[in-house]
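These are the residues of each chain, in order.
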Amino acid sequence: SRLEYIGPTGSRIETWQSVARVIADRPWLGSGPETLKMIFPQYENDRFRFQEGFHVKQDRSHNEVLDLAVTKGVPALLVYVWMLFLFFRVLWKKRHSDPGGESRLITATLAGAAAAYLAQNQFSFGVVAITSLFWVILGMGTRLSTQENDVELQTSPGTITNWWGVVAGGLIVATGVLVAVLFYRGDLFYKSGKTLSEMRMNDLAISQYQDALRDSPLEGTYSVNLGLAELNHWVDTARDEDFRAARNAFQYGQKIDPFNADNYYIESRLLLMGGKNVKDIAEARRLAQKALQIDPYYTEVHLNLAVAAQSEKNIPLAANHYMQALLINPKLDEGYQGLHGIYRGAGSSGYRAALKRIAQKYPDSSDVTVRLAEAFQMTGDLPQA
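Treat the numbers as computed from the prediction; the structure is a model and nothing was measured.

Draft legend 1. How the structure looks around the overall build of the protein chain. Counting its regular elements, the protein chain contains 18 helices and zero strands. Each of the 385 residues in the protein chain was classed as buried or not, and the buried ones make up 41%. Looking at the protein chain alone, contacts between residues at least 24 apart form 60% of all its contacts between residues at least 6 apart.

Draft legend 2. Representation of the nonpolar core. Judged by nonpolar contacts, the single largest core of 25 residues is most densely connected at Val19, Ile23, Val70, Tyr80, Leu84, Leu118 and Phe134. Among the elements of the structure, helix H1 (7-25), helix H2 (36-39), helix H4 (64-72), helix H5 (74-94), helix H6 (102-120) and helix H7 (128-146) are those that each provide at least two residues to this core. If sequence neighbours within four positions are ignored, tyrosine 80 has contacts with Glu64, Leu68, Leu118, Phe134 and Trp135.

Draft legend 3. How the structure looks around unusual backbone geometry. Even without glycine at this site, glutamate 34 takes up a positive phi of about 60°. In this fold, glutamate 34 is placed in the loop between H1 and H2. A residue is classified by how much of its surface remains accessible, and glutamate 34, at 52% relative accessible area, is exposed. Its identity is not glycine, yet arginine 200 carries a phi of approximately 60°, on the positive side. Here arginine 200 shows up in the loop between helix H8 (160-198) and helix H9 (202-215).

Draft legend 4. Broad picture of the packing of aromatic side chains. This structure, assessed with the given rule, holds nine aromatic pairs. Look at phenylalanine 134 and tryptophan 135: their rings are 6.2 Å apart centre to centre, the planes differ by 70°, and that puts the pair in the edge-to-face class. Residue phenylalanine 134 is classed as buried on the basis of its relative accessible area of 2%. Classification of tryptophan 135 by relative accessible area gives partly exposed; the value is 43%. Ring centres of tyrosine 265 and tyrosine 298 lie 5.0 Å apart, and the angle between their planes is 40°; this geometry places the pair in the tilted category.

Draft legend 5. Quick look at the side chain of serine 348. Relative to the elements of secondary structure, serine 348 occurs in the loop between helix H16 (333-342) and helix H17 (349-361). Within polar-contact distance, the side chain of serine 348 engages the backbone nitrogen of tyrosine 351 at 3.2 Å.

Draft legend 6. Fine view of a nonpolar patch on the surface. Taken together, the side chains of Trp82, Phe85 and Leu86 define a hydrophobic patch exposed on the protein surface, amounting to about 320 Å² of accessible area. Topologically, leucine 86 is positioned in helix H5. With relative accessibility at 32%, the residue leucine 86 sits in the partly exposed group.

Draft legend 7. Structural detail: the environment of alanine 115. With respect to the helices, strands and loops of the structure, alanine 115 is situated in helix H6. Since its relative accessible area comes to 36%, alanine 115 is described here as partly exposed. C-alpha of alanine 115 to C-alpha of phenylalanine 134: the two residues are 19 residues apart in sequence and 9.8 Å apart in space.

Criteria and thresholds
- The residue count restarts for each chain, going from 1 along the sequence in the order it is written.
- Per-residue local features are limited, in this predicted model, to residues with pLDDT of at least 70; the limit for side-chain atom pairs, both in listing and counting, is 80 or more; totals at the level of whole chains, interfaces and linings are taken over all residues.
- Values shown for side chains rest on all heavy atoms present in the structure; no hydrogens or waters enter the calculation.
- Helix and strand assignments come from DSSP, with helices taken as H or I runs of at least 4 residues and strands as E runs of at least 2, each series counted from the N terminus.
- Exposure classes here rest on a 1.4 Å probe applied to the protein chains alone. A residue is buried below 20% of its type maximum, exposed above 50%, and partly exposed in between.
- By definition, residues are in contact when any of their heavy atoms lie within 4.5 Å.
- In plain words, nonpolar cores are sets of buried Ala, Val, Leu, Ile, Met, Phe, Trp, Tyr and Cys residues tied together by side-chain atoms within 4.5 Å.
- Here is the rule: rings of Phe, Tyr and Trp (six-membered ring for Trp) pair when centre to centre is within 6.5 Å. Planes less than 30 degrees apart are stacked, more than 60 are edge-to-face, and the remainder are tilted.
- Polar contacts here mean pairs of N or O atoms no more than 3.5 Å apart (in protein, one a potential hydrogen donor and the other a potential acceptor; neighbouring residues in sequence count only if both atoms are side-chain atoms).
- A patch consists of residues whose relative accessible area exceeds 30% and which take part in no salt bridge; residues with like charges are grouped when within 9 Å of each other, and nonpolar side chains (Val, Leu, Ile, Met, Phe, Trp, Tyr) when within 5 Å.
- For accessible areas, the Shrake-Rupley method is used with a probe of radius 1.4 Å. Any residue's cover is judged against the shown protein chains and nothing else.
- Basic side-chain nitrogens of Lys or Arg form a salt bridge, by our definition, when they fall within 4 Å of a carboxyl oxygen of Asp or Glu.

Have a look at this one:
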């Protein structure tokens, strides 16, 4: 009865709809470059999470027009569109200046390459290598179209100005190479750490992540993975110093990547796992609430809050957080297990009422439907089951 897009197509459409809401709130200057992942969780719609996956930190809108508008504002987008119009306009005029000649063929090739880039980027985003090539194409096309108007410039070699230009250019190139090498080394250490983590060689993985952060100290992804490796190491050793090392890693991550909800959620989880007093439980709750401020749809954070409430004997609050988790993601087994434990059995009226509420929001979810059937079966209501 209705057409539904799934897979990459569906996730693109949901991403574009969510990004349009960001643009509506920030039309003039946008959110700023490389900041979309910080604010996107507050704007994503329900269907985005099921199409793209939970906890996806969407840092691109997968559409060049929307990318420009969301990061730099609608006026900047209009300037960019006007510039592209001028580029294709001068190429169009060039076709008359050399009919059948070599420059006309080159001009058509550059125009085709630029058009192909623009068409492809309405469904993706430009990476550094390809975007740089696109700007080279723009420069070559414009240069070729205006070269008959060139005036040869006379310069005198060996002046102080020229030497300063050479020195400044050399410094810029050397700095760029150094930064590129450091980023490359950091990525090598990070990938090595990921491999070692998957092999449960946490002590070696920790060393690799620390080396990665030494080369790229502001890379939030590195700090999250370091914290996870430290956490898994603490689970293996149960030593207090490993517990503190894991907390320090996540607290460092909160400083360098404050809009990454993972750092707050996992430290909260760590405190619930190893906390020994009321103060730890209170801090775990604070961190979980901070994570929800950043990402309101972070399902597992509600599980943390539910566990904290249960430890304080606040059962109604715990039940509410389990419900909130399942209303975000009806596939979450831990949420059903938590409700099952609170209502003391799958056949209880409270458990059935909670499942009915979830089923109202997700009538097509086989997960909640099967659990509801099991609940009716437990009470002997076989026709309903």
